[in-house]
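Understanding the architecture of this molecule
For reference, the chains in residue letters:
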Amino acid sequence: MTPSDRVASRRPAGDLSLVLVLGLAAMIVSMMQTLVVPILSIIQSDLGTSTANVSWVTTATLLSAAVFTPLLGRFGDMHGKKPTLVGVLLLMIAGSVLAATTTSLLWLIVGRVLQGAATAIFPLALSVLREEMPPAKLHGAMAMVSGTLAVGSGLALVAAGLLTRGADPDYHRVFWLAVALAAVALVGVLLRVPASRSTTGGRTDWLGAVALAALLVLLLLPISQGHEWGWSSARTIGLFVAALAMAAVWVFVERTVRAPMVDMRMFAHRPVLFTNLAGLFLGFAMFSQFIGVAYLVQMPKELTGYGFGASVLRASVEYLLPTTVVSLLAAQFGGILVGRIGARFTLAIGAVFGVAGFAWLTAAHDTSASIILAGLLIGVAVSFGYAAMPALIVASVPHHQTGIANGLNSISRSVGSAIASAVITSLLASRTIAHLPAGVPALPAESQFTLSFAIAGVAFVLIVAVALVGLTRGATPAYVVDRDASAAEAASGPTGGSTTEEVTELAVTELAREKAEEEEKAGAATT
């Protein structure tokens, strides 16, 4: 079968069960990020460790996700999405079992590193959808799968709170939940996800993968630990400088090797670059709402003059869960809007909802109704953003780079979330309430929450600017055919393989098909 045949032989019907399975798998991605947040104090107490040490339970997963996501996304493009998904879920199950059975902080961190591989599920799931879904259903399917990310964050908080209730809470139950969910997703992937009909093959760019991994670790480590180490400490500044140096090394490697993991022309292509910038801002704003509201509603009003004295469980169920539920419901409308008015304007409209939500939080966060209703607006914004960004990526890169391109977009959101955590935590700690009773820990002044919500609102303003100014409609990237030809040369060997002409035909055929689909949609909309 020729490459052009493989492109043309897309399976004829979209399968709802496939979308549901991939949605469940993607939901696990966000659950792994927030599952431990409510139980960090329990882990610290049970293991008899310090706050600084227990913070590595979350930091390890963040760093692991940054390393695994681009590597496994590219691996799926090269060697098949289904086997890569299966391997990722097996890694996650192994990490979850280890975390659920150990009483050692070191092995718990190792388990969390393995759980971090789950982040690669999302770009792999989008690659499967692009390959399997008919064009008319693709945007809606991607929106549904993307919407599960927001739902997973809320469900993880609720589940962790429910599983650790009582006088003698056991954090191991939370990790057993992760084992069960991953096992169900694994069975679903084995039964419902078809094998890839087209893979690029070729050699793995291990040098580029190591350079990118080192860059992300050097960048995210000081971002996540800077508050603990001190932002002006030699360790923090040194790591930021090292990250800049490693960025230069990574770019040099990827521009030099014959078959790079990340094509620099794709990475710098305007729609891809600005979509990743929007992902950074969206990750920042989303996590700002999550951490800001979670802290705000738990503040004891009798001591601070604001807050609601909510427990972790109440904060999750009453104040954060409505945001995640509306995100799932709005995801379908986001997918419809992408098909009707385009991904750029869907992203911009969603960001306007986000600006309104954070403006509301900034001006009035003294009642439960205000916080919940503002959260609903932010949930719509996040959902529309999740629906629009994969569509922008898919429309801007060739088929064989879908996994790595969406993986980089996932990383941009993770970096945004890490920056939000560092910024909000530092802001809340920088100004505290004076003259608290003896023995009461330092509590942030209300003005710091107001400032945090205002900054998050600015992030959504920047997304509007990116969508309307940065993401202008451009021509098909000129690097596509050249990149496919390079991939063909890298894949060819003594035993043969696709020729340059075949892969060039594949690129031209796919671009022609995608252009025809866009023209058909435009004609239908006009009619």
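Because the structure is a prediction, the values reported are computed rather than measured. The numbering scheme is per chain: residues are counted from 1 as the chain's sequence reads. Local features in this predicted model are restricted to residues whose pLDDT is 70 or higher, and side-chain atom pairs enter the listing and the counts only when it is 80 or higher, whereas totals over whole chains, interfaces and linings include all residues. Heavy atoms throughout the structure, all of them, feed into the side-chain values; hydrogens and water do not.

**Considering the overall build of the chain**
Cut-off, in case you're wondering: What counts as a helix is a DSSP run of H or I of at least four residues, what counts as a strand is a run of E of at least two, and both are numbered from the N terminus. Only heavy atoms enter the contact rule, under which two residues are in contact if any of them lie within 4.5 Å. Per-residue and other accessible areas were derived by the Shrake-Rupley procedure at a 1.4 Å probe size, with only the shown protein chains allowed to occlude residues.
Within the chain one finds 22 helices and zero strands. The contacts in the chain between residues at least 6 apart in sequence include a share of 80% that link residues at least 24 apart. Per element, the accessible surface of the chain, about 20700 Å² overall, is 68% carbon and sulfur.

**Let's talk about the pattern of salt bridges**
Oppositely charged side chains can pair when the atoms bearing their charge come close. Here is the rule we go by: Here, a salt bridge means any side-chain nitrogen of Lys or Arg that lies within 4 Å of a carboxyl oxygen of Asp or Glu.
Evaluated as defined, the whole model comprises two salt bridges. Lys81 is the partner of Glu131 in a salt bridge, and the nearest nitrogen-oxygen pair spans 3.6 Å. Of this pair, Glu131 sits in helix 8 (residues 121–132) while Lys81 sits in helix 6 (residues 81–101), and the two are 50 residues apart along the sequence. Arg314 is the salt-bridge partner of Glu318, the closest N and O atoms lying 2.8 Å from each other. Highlighted residues: Glu318 and Arg314, both in helix 16 (residues 312–341), separated by four residues, approximately one helical turn.

**Section: the packing of helix 11 (residues 206–229) against helix 12 (residues 234–256)**
Here is the rule: An axis is simply a line fitted to the C-alpha atoms; with a helix, the fit covers only the stretch in contact. Between two such axes, the angle follows the N-to-C directions and lies from 0 to 180 degrees. Any angle that falls under 35 degrees is termed roughly parallel, while one over 145 is termed roughly antiparallel, one within 65 to 115 roughly perpendicular, and all others oblique. In this scheme the handedness of a crossing depends on how the near helix is turned from the far one: anticlockwise by less than a right angle means left-handed, clockwise means right-handed. Gly falls in the polar group here, along with every residue not listed as nonpolar (Ala, Val, Leu, Ile, Met, Phe, Trp, Tyr, Cys, Pro) or charged (Asp, Glu, Lys, Arg).
Contact pair helix 11 / helix 12: the axes reach a minimum separation of 8 Å and the direction vectors enclose 160°. As summarised for this structure, helix 11 and helix 12 are arranged roughly antiparallel, according to the angle between their axes. Along this stretch, helix 11 crosses helix 12, giving a crossing that reads as left-handed. Within the contact of helix 11 with helix 12, the residues separate by chemical class into 19 nonpolar, three polar and two charged.

**Here's the deal with a nonpolar patch on the surface**
Worth spelling out the cut-off: A residue counts toward a patch only above 30% relative accessible area and without a salt bridge, and it is joined to like-charged neighbours within 9 Å or, for Val, Leu, Ile, Met, Phe, Trp and Tyr, to nonpolar neighbours within 5 Å.
On the surface, a cluster of nonpolar side chains totalling about 480 Å² of accessible area is made up of Ile341, Phe345, Ile349, Phe353, Leu468 and Val469. Every element with two or more residues in the nonpolar patch is listed here: helix 17 (343–363) and helix 20 (446–470). When residues of the nonpolar patch are assigned to their parent elements, the largest contribution, three residues, is made by helix 17. Relative to the helices and strands, Ile341 resides in helix 16.

**What to know about helix 16**
Test applied: Multiply 1.5 Å by the residue count of a helix minus one, and that product is the helix's expected span. To obtain the bend at a residue, axes are fitted to the seven residues ending there and to the seven starting there, and the angle between these axes is taken.
Helix length check: helix 16, at 30 residues, gives a terminal C-alpha distance of 40 Å against a target of 44 Å (1.5 Å per residue), a fit within 8%. The sharpest bend along helix 16 measures roughly 50° and falls at Leu320, with the proline Pro322 sitting one to four residues further on. Looking one or two places after helix 16, you find Gly342, whose phi comes out positive at around 100°.

**Things to note about the nonpolar core**
The following threshold applies: Definition used in this section: a nonpolar core is a set of buried Ala, Val, Leu, Ile, Met, Phe, Trp, Tyr and Cys residues joined via side-chain atoms within 4.5 Å. Here's how the labels work: a residue is buried when its accessible area is under 20% of the maximum for its type, exposed when over 50%, partly exposed in between, all with a 1.4 Å probe on protein chains only.
Formed by 113 residues in total, the largest nonpolar core has its most connected members in Leu22 and Leu129. With twelve residues, the top contributor of residues to this core is helix 14 (residues 270–298). One finds Ala211, Leu212, Leu408 and Ile411 within the second-largest nonpolar core, a separate group that totals 30 residues.

**Observations regarding helix 19 (residues 402–430)**
Under the 1.5 Å per step criterion, the end-to-end length of helix 19 is 42 Å for 29 residues, consistent within 8% with the ideal 42 Å. Burial within helix 19 is extensive, with 23 of its 29 residues counted as buried.

**Let's talk about the environment of Asp46**
The topology assignment puts Asp46 in helix 3 (residues 40–47). Look at Asp46 and you get partly exposed, because its relative accessible area is 44%. A sequence separation of 59 residues divides Asp46 from Leu105, and the C-alpha atoms of the two residues are 9.9 Å apart. The residues touching Asp46, leaving out its near neighbours within four places in the chain, are Pro169 and Tyr171.

**Things to note about the packing of aromatic side chains**
Within a pair of aromatic rings, the relevant descriptors are the distance that separates the centres and the angle that separates the planes. Selection rule: The pairing test for Phe, Tyr and Trp rings, Trp by its six-membered ring, is centres within 6.5 Å, and the orientation test on the planes gives stacked under 30 degrees, edge-to-face over 60, and tilted for anything in between. Each ring is checked for a lysine NZ or an arginine CZ that lies within 6 Å of its centre and within 35 degrees of its normal; such an atom marks a charge sitting over the ring.
Scanning the entire structure with this criterion turns up seven aromatic pairs. Arranged with centres 6.2 Å apart and planes meeting at 90°, the rings of Tyr171 and Phe175 form a pair that is edge-to-face. On the accessibility criterion, Tyr171 (1% relative accessible area) is buried. Classification of Phe175 by relative accessible area gives buried; the value is 0%. An angle of 80° between the planes, with centres 6.2 Å apart, marks the rings of Phe353 and Phe384 as edge-to-face. Of the two residues, Phe353 sits in helix 17 while Phe384 sits in helix 18 (residues 368–396), which places them 31 residues apart along the sequence. Cluster of aromatic residues (ring-pair linked, three or more members): Phe358, Phe453 and Phe460. Lying over the aromatic face of Trp229, Arg235 brings its terminal NZ or CZ to 4.1 Å of the ring centre. The ring of Phe345 has Arg344 lying over it, and the distance from NZ or CZ to the ring centre is 5.0 Å.

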